[in-house]
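# A look at the structure
One-letter residues, chain by chain:
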Amino acid sequence: MELLIKNGFVFDPINGINSEKMDIAIKNGKIVDSIQEKNAKVIDASGLTVMPGGVDIHSHIAGGEVNAGRLLRPEDHVKDVERKTAITRSGVGYSIPSTFTTGYRYSRMGYTTIMNPSMSPLEAKHTHEELSDIPMVDKASYPLLGDWWFVLEYLQKGDLEECARHIAWMMETVKGYAIKIVNPGGLESWGFGRNVHSIDDRVPGFDVTPREIICGLCKVNKMLNLPHTIHLHTNNLGVPGNYATTLETMKCLEDLAGDDKPVAHITHLQFSSYKGRDWRTMKSGAEEIANYVNNHSHLTMDMGQVIFTDTTTMTADGPFQFNLYNLTGHKWVNHDVETETSGGIVPFRYRRKNVVNATQWSIGLELALLIKDPWKIFLTTDHPNGGPFTAYPKIIAWLISKKARMATLKRTHPKAIKRSILSSIDREMSLYEIAVVTRGGTSKALGLKHKGHLGVGADGDVAIYDLNPESIDLPTDYKVVRKAFSRAKYTIKGGQVLVKDGEVLQEMYGKTMWLNVETDEPCRIPEEMKTKFRDYWTVEFDNYPVSDHYLRSQSPITVKASI
Amino acid sequence: MTIVKSVTCPVCGCLCDDIELVVEDGKVEEVKNGCAICESKFIGYRGEHRVLKPKIRQNGKLVDTTLQEAVKKSAEILANANYPILYGWSSTSCEAQRVGVELAEEVGGVLDNTAVVCHGPSILGIQEVGIPSCTLGQVRHRADLVIYWGCDPWSAHPRHVERYTTFAEGRFEGSEWKGYLQKFKAAAGRKKIKRVMKQAPVKNPPSIEPVTPSEPPQKMKKDGRKLIVVDVRRTMTAEVADYFIQVEPNKDYELMEALRALVRDQELDVNSVAGISVECLEELVDIMIGCNFGIIFFGLGLTMSAGKFRNIDVAISLTRDLNMRTKFAIMPMRGHFNVTGSNTVFTWQTGYPFGVDFSLGYPRYNPGETTSVDVLLRRESDAALVIASDPVANFPKKAVQHLVKNPLIVIDPHMNATSLMADVVFPSAFVGIEVGGTAYRMDHVPLPLKKVVDPPEGVLSDKEILNRILEETRKIKLKQVEAA
Ligand code: SF4
Ligand SMILES: [Zn+2]
């Protein structure tokens, strides 16, 4: 099928295209130079904004943890239901939507690729079963590897090559896309109810420190030539005063940056940017963090923006979730996974009238606005931790309009204004910058060559929004912008029109991407693993891998490692 | 003769995946590593009750029919029903369960699994307060205190203790394989491990003198892994335990509350609780607080005794309290091999683990209202599909009466009490023996089920049967729409 999108205002930052009136042609699912108009389905996009399909770099949409959250919270679902239609399956929201609903909702906002950032390898089959039930988008998942016993042991031995080979084996075995590190060392400590509190604390039972884990895996990531960097959730996340730990973490990676390329992605940065001694004195550390980031080029980040709503927090950071439970007394799920990782879930409501929550809200926006280069920090809520992904249009409004920010800020706790410098920031993002933080930048950081842009050869994933950049004044008309981004005029995936005017026209299942990392000696690992396997896990070696059976439709990406 | 290794046992929630089978002439001849129940499943599954042809009720009698006829009849029943129940699901694969959700949605029925008559209260308890838990390997590697409460793994989950808890070799507990790690727990040297292992052999359980409730549990002063059993009667597991606490029937809630109070350093003004002396309880609480990693496994003795979901609520709350002092986890001992899987699949597709009502076109969940037994007791359903379970044998009498009064479809490898009352019966292949798939262990670890032998000719898998019914039902409904 051929599709021609005519006369839209195109925003394609990867190719430097900024609001140019042009046609986009798609043939056999890919962007092509041109096609014959008479053979093609034509969409008249005059007066509309055309962007590549959205690419989310960090959103918890599938797997054991997400599903435990769903089970935990029937009260989250009752008020937000999706009826079955002739085309779509039924489901529920709100903060942890069921799988089908997740796909439809992303697609309605013009998103076409989602990265699920947290997968315990032992339960990877579960993650992939759920991903296979999420329609409308392409997807991938990051295995949690920072506290995996094999990593700790090889780093302790100082054997990086062996560590790298094991990671390569793991990526293929669990069909993963990037190395996820969460509170390095803290998760292993949590096995006995402890934590680490600085990047130089020793991990109990293993002679390594968080610094060594972060730097070690960063080097491993380079040896393997993985498309994305290490994806890091810092130590002391969610703790007042943690901006210092975050800066130290950023600094410890400086030496590893050879060229101008980033070597690490610090995720949901907002949760790692707090000053103060405790929650009473907590205030924003965004300025210090942004200053550092503006003077260095070895990092990318995402916001982890907080939304004032009732949501469900879930991370692999067991000790963090435990502290949150202590703070709130809410329901609490803990789920430690043998040999690999931990996890926790606590429902949470961010309140406008709570100083801390209002400050958290400010910090996310401060970071996005104070960090000058939009190619460094991307839009996320760490769904559902800061709030559900369906709130992205609100964030876009805050980013493009000081008026929108002030309207919200005014209604927050009066003391919150003084705890950050948000009210003094005048920057207002352009639509081009919005395209960077929601697709171009994320796709580049992820090393997704065929996504996030509209150049020839790219996947035919396009979002069209009902916004006329020539006639609209973004800062004043932020409500129009918000509405436009919540209901895509068209969402096109692989050249197929999936959504029109915010309604699903067609259900389609995207592909699961994963890395097939080729090392020089691939065969030795499984043999060695086989002999050790029962010492580490309670399942058999043969039953551990995620077989093709678990992927409805897949797109393996071959990577040639330099070991 | 072929040897098939790493087979997952499709019997109980332990989901042992290290079974070795010797297969000859399309038959399992020998089972290695499995327990007795596992062995009898793999060897003895071709029982006398195996029917090979679908059946349909004609003039009051079940008679053989073709697959097409049975599918057509089932689809008619479901398409014409206003409020059908689709029940069972705990002993089939996740792949079949996924089709089941789609079918339930298509016909606007109630989708429910056997949790409603076993661990339903556990799920309600979790929805109330959450659950601090872990995978079983975490217990194997770390737990120095294991408590079985209201469950008897020795008979119901025979390999649980050996594979996952007290008798298993872990990294930090009961292990010698990495000497340097012993630093981590200076007090826990090799001696301790040997001592534990000496007690471990199954064939020679240490004889334990009955503990009189007034005496503090001396045995608990030993080092190493400790095993405690709390139950109303002296079970097999209690026999091998370091300490057995005999709780008076239906007093679990009181006992838990007393323990909670003690964990929070409150004083008790009574001499005994639930038949156990307060000194004993104090000792017990000290052990709980003093351990490095403790876990409570609970079973139907807790979920089905007086108090039900309040029992679970308080058990989880006790575990929450203990986490203020040390590391503690809790886990339900799920029975059917894939009851966890069906809760899991239902939840990711609909948001709810059981008792999902699609009659309004979207998933709705209100246990006590949308759960199958309640729908039956209110006599609201007008048809049912039962898969891989036997509600006629397990449901309250009144519920069964309504169930069998209406058109009833059964999909099951066996003929059971329910299929004898059915209008359409599909014999299906044995999941995990004749057909593969996926199941979730009681700790939510997914495991592949293997196909080791072929099913008898003409016998399809649950998934395939459901798919055909779904397809046929859609055709009928489409016609109905067109006609209207
Ligand atoms: S314990 Fe359960 S799963 Fe394991 S072999 Fe026995 S019956 Fe099978
Ligand atoms: Zn996250």
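Analysis parameters
- Residues numbered from 1 in each chain as written.
- Chains lettered and ligands numbered in written order.
- Predicted model: local features only at pLDDT ≥ 70, side-chain atom pairs only at ≥ 80, totals over all residues.
- Heavy atoms only, no water.
- Phe/Tyr/Trp six-rings, centres within 6.5 Å; stacked < 30°, edge-to-face > 60°.
- Helix = DSSP H or I, 4+ residues; strand = E, 2+ residues; numbered from the N terminus.
- Buried < 20%, exposed > 50% of the residue type's maximum accessible area, 1.4 Å probe, protein only.
- Lys NZ or Arg CZ within 6 Å of the ring centre and 35° of its normal.
- Pairing = 2+ DSSP bridges.
- Axes fitted to C-alpha atoms, helices over the stretch in contact; angles between N-to-C directions.
- Contact = heavy atoms within 4.5 Å.
- Domains from an automatic or database assignment.
- Buried area = accessible area lost by both parts, 1.4 Å probe.
- Salt bridge = Lys/Arg side-chain N within 4 Å of Asp/Glu carboxyl O.
- Polar contact = N/O pair within 3.5 Å; in protein donor to acceptor, adjacent residues only side chain to side chain.
- Nonpolar A, V, L, I, M, F, W, Y, C, P; charged D, E, K, R; others polar.
- Patch = residues over 30% accessible without salt bridge, like charges linked within 9 Å, V, L, I, M, F, W, Y side chains within 5 Å.
- Areas by Shrake-Rupley, 256 points an atom, 1.4 Å probe, with all protein chains shown as cover.
- Lys, Arg positive; Asp, Glu negative; His and termini not counted.
- Charge placed at Lys NZ, Arg CZ, Asp CG, Glu CD.

### Concerning the packing of aromatic side chains
All names here are of chain A. According to the stated counting rule, one finds 33 aromatic pairs over all chains in the structure shown. Measuring from ring centre to ring centre gives 4.4 Å for Y465 and F485, while their planes differ by 45 degrees; the resulting arrangement is tilted. You can see Y465 sitting in strand 21 (residues 462–465) and its partner F485 sitting in helix 16 (residues 478–486), a full 20 residues away along the chain. Of the two residues, Y465 and F485, neither departs from the other in class, the shared state being buried. Its guanidinium or amino end placed over the ring of W514, K175 lies 4.5 Å from that ring's centre, counting from NZ or CZ.

### Some thoughts on the sheet that holds strand 3 (residues 27–32) of chain B
Residues and elements named next belong to chain B. Strand order in the open sheet formed by three strands is 1-2-3, with antiparallel pairing between adjacent strands. One side of each edge strand has no neighbouring strand; the edge strands of this open sheet are strand 1 (2–7) and strand 3. Adjacent strand axes in the sheet meet at a mean angle of 30 degrees, parallel and antiparallel pairs treated alike. Across five bridges, the pairing between strand 2 (residues 19–24) and strand 3 is antiparallel. Bridging across to strand 3, V22 finds its partner in E30. Against the sheet, helix 1 (residues 36–44) engages strand 1, strand 2 and strand 3, with an angle of about 165 degrees to strand 3.

### Looking at the sheet that holds strand 17 (residues 310–315) of chain A
Judged by pairing direction, the sheet is mixed, and its four strands sit side by side in the order 17(A)-19(A)-18(A)-8(B) without closing on themselves. With one partner strand each, in any of the chains shown, strand 17 of chain A together with strand 8 (130–134) of chain B form the two edges of the open sheet. Here the average twist between neighbouring strands, direction ignored, is 20 degrees. Sheet topology places strand 17 of chain A next to strand 19 (residues 344–349) of chain A; six bridges connect them, and they run antiparallel. Bridging from a neighbouring strand, T313 of chain A pairs with V346 of chain A of strand 19 of chain A. Each of strand 17, strand 18 (332–336) and strand 19 of chain A together with strand 8 of chain B touches helix 1 (residues 64–72) of chain A; the most contacted strand, strand 19 of chain A, lies at about 50 degrees to it. Where helix 4 (residues 120–129) of chain B meets the sheet, it contacts strand 18 of chain A together with strand 8 of chain B, and its direction lies at approximately 105 degrees from that of strand 8 of chain B.

### Description of the domain arrangement of chain B
Residue and element names in this part refer to chain B. Split by domain assignment, chain B resolves into domain 1 (47–118 + 338–483) and domain 2 (120–196 + 211–332). Computed from C-alpha coordinates alone, the two centres of domain 1 and domain 2 are separated by 37 Å. Listed by partner, the interface residues are 12 residues for domain 1 and 17 residues for domain 2. Of the roughly 1,000 Å² buried between domain 1 and domain 2 on both sides combined, carbon and sulfur atoms contribute 66%. Per-residue buried area on domain 1 facing domain 2 is highest for C118, M442 and D443; these three make up 51% of the total on that side. Linking domain 1 with domain 2 are zero salt bridges, by the criterion used here. Between the two partners, domain 1 and domain 2, sit five residue pairs in polar contact (both at pLDDT 80 or more). Grouping the constituent residues of the side of domain 1 that touches domain 2 by class yields nine nonpolar, one polar and two charged.

### A closer look at a positive patch on the surface
Residue and element names in this part refer to chain A. A cluster of basic side chains, namely K394, K403, K479 and R482, defines a positive patch on the protein surface. With respect to the helices and strands, the residue K479 is situated in helix 16. Since its relative accessible area comes to 53%, K479 is described here as exposed.

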